[in-house]
Amino acid sequence: MTSEVSALRVRGLTRRFGGRVAVDNLDLEVRHGDLYGFLGPNGSGKTTAIRCILGLIRSDGGTIEICGVSDPIRARAEVGSVVETPRFHEWMSARANLEVACAYAGRGAAADVDYALDRVGLKDRSKEPVRGFSLGMKQRLGIARALVTRPRLLILDEPTNGLDPRGMREIRELLKDLCRKDGLTVFVSSHLLAEIEQMCNRVAIIDGGRLVSEGLVATLKQEDQTEILVDLGISERPKALEILEKIPGIRVVGEGAEGRLRVALTGVEVAFLNRSLLMGGVEVNALVPIVGSLEDVYLANTRQEASLI
């Protein structure tokens, strides 16, 4: 953890409901420019933590800083958010809904409404009543409403819930663009691992209200691998198996991709594996290291099953 100002810094956040601890001494740090994934099984405390961060419910302990500001009223001006399913005045147009949001917040102007609608791809549909919008369009309008006050930090709770694959992709690409092109920091909660792995650079995983893992996605995937997995394309499998069984630190796992032989290496370099097979008269025509996944990290750190949608 560093002392420089972060987009979001949470220390020791705790929230209880009666005798149940929903969020348990949670520490998080989201850096400016991050597309940060907040992962955990359903019921793990993600939404409760977000509600505390946004000041929608009180915490029972801990500190929250947004862009270096700890005062909740001042900090709120730096944040745009969508918590759970966004709701609108269905008989009103998309533009009118955003204008109401601006009036309520006491911020935003016509140019900000235009920016938000254009950014989410709804400018051409802005005069239509929201009741005719699809779920995906409503999710995008919810993000537009979060953008209309030009926040520095965007917090989204399950933004792709209920969407079909095309809708998921649209939201994913939009959030990546908001980071890359608009300079926003995006904090997105989800239990959909494939979505988070495809778009986030850093993640935190919580289980039972406690932080169990946090860091760069690429680093966490590497750290999770206690063995190096390799798929081998070889000329003579029986002969190869005979050679491999005699080498300590090499374990034959089974079938890999495209009919290759998958082996696990512990304390053995890939170059040594290749050399041993060649010296034994086995031709190696493919040697493909298998990189771990965010799913592996998640399942190793949580007690409940993940959604792999």
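Just so you know, these numbers come straight off a predicted model, no measurement behind them.

The rules behind these values
Residues numbered from 1 in each chain as written. Predicted model: local features only at pLDDT ≥ 70, side-chain atom pairs only at ≥ 80, totals over all residues. Heavy atoms only, no water. Helix = DSSP H or I, 4+ residues; strand = E, 2+ residues; numbered from the N terminus. Buried < 20%, exposed > 50% of the residue type's maximum accessible area, 1.4 Å probe, protein only. Contact = heavy atoms within 4.5 Å. Lys, Arg positive; Asp, Glu negative; His and termini not counted. Charge placed at Lys NZ, Arg CZ, Asp CG, Glu CD. Pairing = 2+ DSSP bridges. Axes fitted to C-alpha atoms, helices over the stretch in contact; angles between N-to-C directions. Core = buried A, V, L, I, M, F, W, Y, C linked by side-chain atoms within 4.5 Å. Salt bridge = Lys/Arg side-chain N within 4 Å of Asp/Glu carboxyl O.

Draft legend 1. Here's a closer look at the overall build of the protein. Summing up its helical and strand segments, the protein has eleven helices and 13 strands in all. Here the C-alpha coordinates of the protein stretch approximately 75 × 45 × 35 Å along the principal axes. Looking at the 309 residues of the protein, the share that counts as buried comes to 49%. Here the contacts in the protein between residues at least 6 apart in sequence split such that 69% fall between residues at least 24 apart. One finds the centroid of the 41 positive side-chain charges in the protein at a distance of 5 Å from the centroid of its 42 negative side-chain charges.

Draft legend 2. The arrangement of the sheet that holds strand β1 (residues 8–17) in detail. Spatial ordering of the open sheet is given by β2-β1-β4, a layout of three strands whose pairing is antiparallel. In the strand order of this sheet, the two ends are held by β2 (20–30) and β4 (61–66), each with one partner. On average, adjacent strands in this sheet sit at an angle of 20 degrees to one another, irrespective of strand direction. Examined bridge by bridge, β1 and β4 share five bridges and lie antiparallel to one another. Residue pairing for β4: leucine 8 is matched across the bridge by isoleucine 66. On top of the sheet, helix α1 (residues 46–53) reaches β1, β2 and β4; it is set at about 115 degrees to β1, its chief contact.

Draft legend 3. Representation of the sheet that holds strand β9 (residues 210–216) in the model. Read across the open sheet, the six strands follow the order β5-β6-β7-β3-β8-β9; overall the sheet is mixed. Strand pairing shows two members of the sheet lacking a second neighbour, β5 (79–82) and β9, which therefore form its edges. The mean angle between the axes of side-by-side strands here comes to 15 degrees, regardless of whether they run parallel or antiparallel. Sheet analysis places strand β6 (residues 153–157) next to strand β7 (residues 185–190), joined by five bridges and oriented parallel. Paired with leucine 154 across the strands is valine 186, a residue of β7. In the packing of helix α5 (residues 135–147) onto the sheet, contacts are made with β5 and β6, and the angle to β5 comes to roughly 160 degrees.

Draft legend 4. Layout of the nonpolar core. In terms of nonpolar packing, the biggest core is built from 46 residues, with Leu141, Ile143, Leu147, Leu154 and Leu175 touching the most fellow members. In this structure, Ala7, Val10, Leu28 and Val83 belong to the second largest nonpolar core, which totals 27 residues.

Draft legend 5. Up close: the pattern of salt bridges. All chains considered together, the criterion is met by 22 salt bridges. The salt bridge involving aspartate 182 is made with arginine 119; its shortest N-O contact spans 2.9 Å. Residue aspartate 182 is found in the loop between α6 (165–180) and β7, and its partner arginine 119 is found in helix α4 (residues 110–119); the two are separated by 63 residues along the sequence. With a relative accessible area of 18%, arginine 119 lands in the buried category. Notably, a salt bridge pairs glutamate 128 with arginine 125, separated by 2.7 Å at the nearest N-O pair. Owing to a relative accessible area of 30%, glutamate 128 belongs among the partly exposed residues under this scheme. Judged by its relative accessible area of 32%, arginine 125 is partly exposed. Three or more residues joined by partner-sharing salt bridges are found here, namely Arg9, Arg11, Glu29 and Glu65.

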